[in-house]
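Chain by chain, the residues run as shown.
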Amino acid sequence: MAKINFGGVEENVVTREEFPLAKAQETLKNETIAVIGYGVQGPGQALNQRDNGINVIVGQRKNSKTWDKAVKDGFVPGETLFEIEEALEKGTIICYLLSDAAQIELWPTVKKHLTAGKALYFSHGFGITFNEQTGIVPPKDVDVFLVAPKGSGTSLRRMFLQGRGLNSSYAIFQDATGKARDRVIALGIAVGSGYLFETNFKKEVYSDLTGERGTLMGAIQGIFAAQYETLRKRGHSPSEAFNETVEELTQSLMPLVAENGMDWMYANCSTTAQRGALDWWKKFKEATQPVFDELYESVATGKESARSIASNSQKDYREKLDAELKELRESELWQAGKAVRSLRPENQKV
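Only a predicted model underlies this, so the values are computations on that prediction, with no experimental measurement involved.

### Describing the overall build of the protein chain
Next, step 1: Broken down by element type, the protein chain carries 17 helices and ten strands.
Next, step 2: Across its three principal axes, the protein chain shows a C-alpha extent of roughly 65 × 50 × 50 Å.
Next, step 3: Relative to its full complement of 350 residues, the protein chain shows a buried share of 39%.
Next, step 4: Taking as baseline every contact in the protein chain between residues at least 6 positions apart, the subset at least 24 positions apart corresponds to 66%.
Next, step 5: Surface exposure of the protein chain reaches about 19,500 Å², of which carbon and sulfur atoms provide 53%.
Next, step 6: Side chains of the protein chain carry 43 positive and 46 negative charges; the gap between the two charge centres is 2 Å.

### Quick word on the domain arrangement of the protein chain
Next, step 1: Each domain of the protein chain was delimited in the assignment, giving domain 1 (2-200) and domain 2 (212-347).
Next, step 2: Each of domain 1 and domain 2 has a C-alpha centre, and the two are 30 Å apart.
Next, step 3: Note on domain 1 versus domain 2: buried area summed over both sides is about 520 Å², and carbon and sulfur give 70% of it.
Next, step 4: Interface area lost by domain 1 to domain 2 is led by Ala101, Phe130 and Gln133, which between them contribute 66%.
Next, step 5: Applying the counting criterion to the domain 1 and domain 2 interface returns zero salt bridges.
Next, step 6: Linking domain 1 with domain 2 are three residue pairs in polar contact (both at pLDDT 80 or more).
Next, step 7: Sorting the residues of the side of domain 1 that touches domain 2 by element identifies α5 (100-112) and α7 (131-134) as the ones contributing at least two each.
Next, step 8: Among the residues forming the side of domain 1 that touches domain 2, the class breakdown is four nonpolar, two polar and no charged.

### Notes on the UniProt feature "domain: KARI N-terminal Rossmann" (unreviewed entry) in the protein chain
Next, step 1: In this structure's numbering, the residues bearing the UniProt feature "domain: KARI N-terminal Rossmann" (unreviewed entry) are residues 9-199.
Next, step 2: Across residues 9-199 one finds 38% helix and 25% strand; the C-alpha atoms that close the span lie 15 Å apart.

### Regarding the pattern of salt bridges
Next, step 1: Inspection of every chain in the model, using the stated rule, returns 16 salt bridges.
Next, step 2: Here Arg213 makes a salt bridge to Glu304, at a shortest N to O gap of 2.6 Å. In this pair, Arg213 sits in helix α10 (residues 201-213) while Glu304 sits in helix α15 (residues 303-312), placing the two residues 91 residues apart along the sequence.
Next, step 3: Salt bridges here are not isolated pairs; linked through shared partners, they connect Glu31, Asp143 and Arg183.

### Let's talk about unusual backbone geometry
Next, step 1: In this model, Asn63 sits at a positive phi of 60°, which is unusual for a non-glycine residue.
Next, step 2: In this fold, Asn63 is placed in the loop between β4 (56-59) and α3 (65-72).

### Side note on the pairing of strand β2 (residues 9-15)
Next, step 1: Examined bridge by bridge, strand β1 (residues 2-6) and β2 share five bridges and lie antiparallel to one another. Directly across from Ala2, in β2, lies its bridge partner Val13.
Next, step 2: Connecting β1 to the antiparallel partner β2 that follows it, the hairpin turn spans two residues, and Gly7 within it adopts a positive phi of roughly 60°.
Next, step 3: Strand direction decides the pairing type here: β2 and strand β10 (residues 193-198), joined by three bridges, are antiparallel. The partner of Val14 across the bridge, within β10, is Leu196.

### So, the environment of Ser168
Next, step 1: Examined against the element boundaries, Ser168 turns out to sit in strand β9 (residues 166-174).
Next, step 2: Spatially, the C-alpha atoms of Ser168 and Leu196 are 5.0 Å apart, while their sequence positions differ by 28 residues.
Next, step 3: At 3.4 Å, the side chain of Ser168 and the backbone oxygen of Leu166 are in polar contact.
Next, step 4: Among the polar contacts made by the side chain of Ser168, one reaches the side chain of Ser193 at a distance of 2.7 Å.

### Side note on the packing of aromatic side chains
Next, step 1: Counting across every chain of the model gives 13 aromatic pairs.
Next, step 2: When the centroid spacing of 5.8 Å and the interplanar angle of 90° are considered together, the rings of Tyr206 and Tyr296 count as edge-to-face. Here the residue Tyr206 occupies a position in helix α10, and Tyr296 occupies one in helix α14 (residues 271-300), the gap between them amounting to 90 residues.
Next, step 3: Judged by relative accessible area, Tyr296 falls into the partly exposed class, the value being 38%.

### Remarks on the pairing of strand β6 (residues 93-96)
Next, step 1: On β6, burial covers both faces: Ile93 and Cys95 on one face and Ile94 and Tyr96 on the other are all buried.
Next, step 2: Here strand β3 (residues 33-36) pairs with β6 via four bridges, running parallel. What sits directly across from Ala34, in β6, is Ile94.
Next, step 3: Inspection of the sheet shows β6 paired to strand β7 (residues 119-122) by three bridges, in the parallel sense. From the neighbouring strand, Cys95 faces β7, where its bridge partner is Tyr121.

### Concerning the packing of helix α2 (residues 42-51) against helix α8 (residues 153-161)
Next, step 1: Between α2 and α8, the shortest axis-to-axis distance is 8 Å and the interhelical angle comes to 25°. One way to sum up the angle between α2 and α8 is to call them roughly parallel. Counting all contacts with α2, which are made through Gly44, Gln45, Leu47, Asn48 and Asp51, the residues of α8 involved are Gly153, Leu156, Arg157 and Phe160.
Next, step 2: When its residues are assigned to classes, the contact of α2 with α8 shows three nonpolar, four polar and two charged.

Cut-off values and rules
Residues numbered from 1 in each chain as written. Predicted model: local features only at pLDDT ≥ 70, side-chain atom pairs only at ≥ 80, totals over all residues. Heavy atoms only, no water. Helix = DSSP H or I, 4+ residues; strand = E, 2+ residues; numbered from the N terminus. Buried < 20%, exposed > 50% of the residue type's maximum accessible area, 1.4 Å probe, protein only. Contact = heavy atoms within 4.5 Å. Areas by Shrake-Rupley, 256 points an atom, 1.4 Å probe, with all protein chains shown as cover. Lys, Arg positive; Asp, Glu negative; His and termini not counted. Charge placed at Lys NZ, Arg CZ, Asp CG, Glu CD. Domains from an automatic or database assignment. Buried area = accessible area lost by both parts, 1.4 Å probe. Salt bridge = Lys/Arg side-chain N within 4 Å of Asp/Glu carboxyl O. Polar contact = N/O pair within 3.5 Å; in protein donor to acceptor, adjacent residues only side chain to side chain. Nonpolar A, V, L, I, M, F, W, Y, C, P; charged D, E, K, R; others polar. UniProt positions renumbered as here; feature names shortened; annotations may be inferred. Pairing = 2+ DSSP bridges. Phe/Tyr/Trp six-rings, centres within 6.5 Å; stacked < 30°, edge-to-face > 60°. Axes fitted to C-alpha atoms, helices over the stretch in contact; angles between N-to-C directions. Parallel < 35°, antiparallel > 145°, perpendicular 65-115°, else oblique.

The structure is reproduced here in structure tokens:
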């Protein structure tokens, strides 16, 4: 385990140098990894494990779109693709990668197949942390741990194919066999992590729910919409408003921030932009800090999980979701975005 200094705070991390793929393969050589769920995280994690030489099978409902997707991805019915219960029976490590609502629904079936010595693997701390709401309480004689890639399953797979790794957190909730740490680190490497940093189930889900609602999705969409509206109300065209709000950020600036940091970006922009950014960033922080504090408190007290479970368990959830996404998709902001993207050089026919 390596010690890395993060802004003056020393943390323990696991890198692929100290826990190489060969060690992960050796650790997992007698395991059967059953990936239950082939929606968001399932495909990326299952395919990366398979390509890394791990014995992985997929459990999915037959005659479903996700079953067909698994077949298309090369999983063979009766060999590496099974109905959920059969996969649960065969698996020694159960990768429980269904949505939070689906995990609650399937839990009684999963629990009866968690015999002594098996392991239950999550990529999210939701089910365990909020077990009073979810009812997910594992038997005491199985390992329980998580690997949470810091990105979508699509990004995990794409970066893997590029020879890169997506950073992940890991946590151990229960070590019944004495092998939980080796098992979870090996799986973290096998699914394509860049490096692994330690957390616990509660901190993982608190940070994850805050991030999704905050800078990763909710806050960024709110800020995009506000700036775009400000520019449009003052006579700027949709193209100009979108380019200044979204396109320049995502296509030009953020890749450089990812490579070098925001301090480097500030030091390498025009003096006018530099001065403005330094003058205004603290005002935005002061304006949004109370919102983030309110958001975190809502997560920590279980309000967000309760709302998510209640909403996502409704029979008409998909219809309501589609309506909300349609409103977002058809807004002028993202219609302008669609047009701008079509004009990028890589999308032009020559």
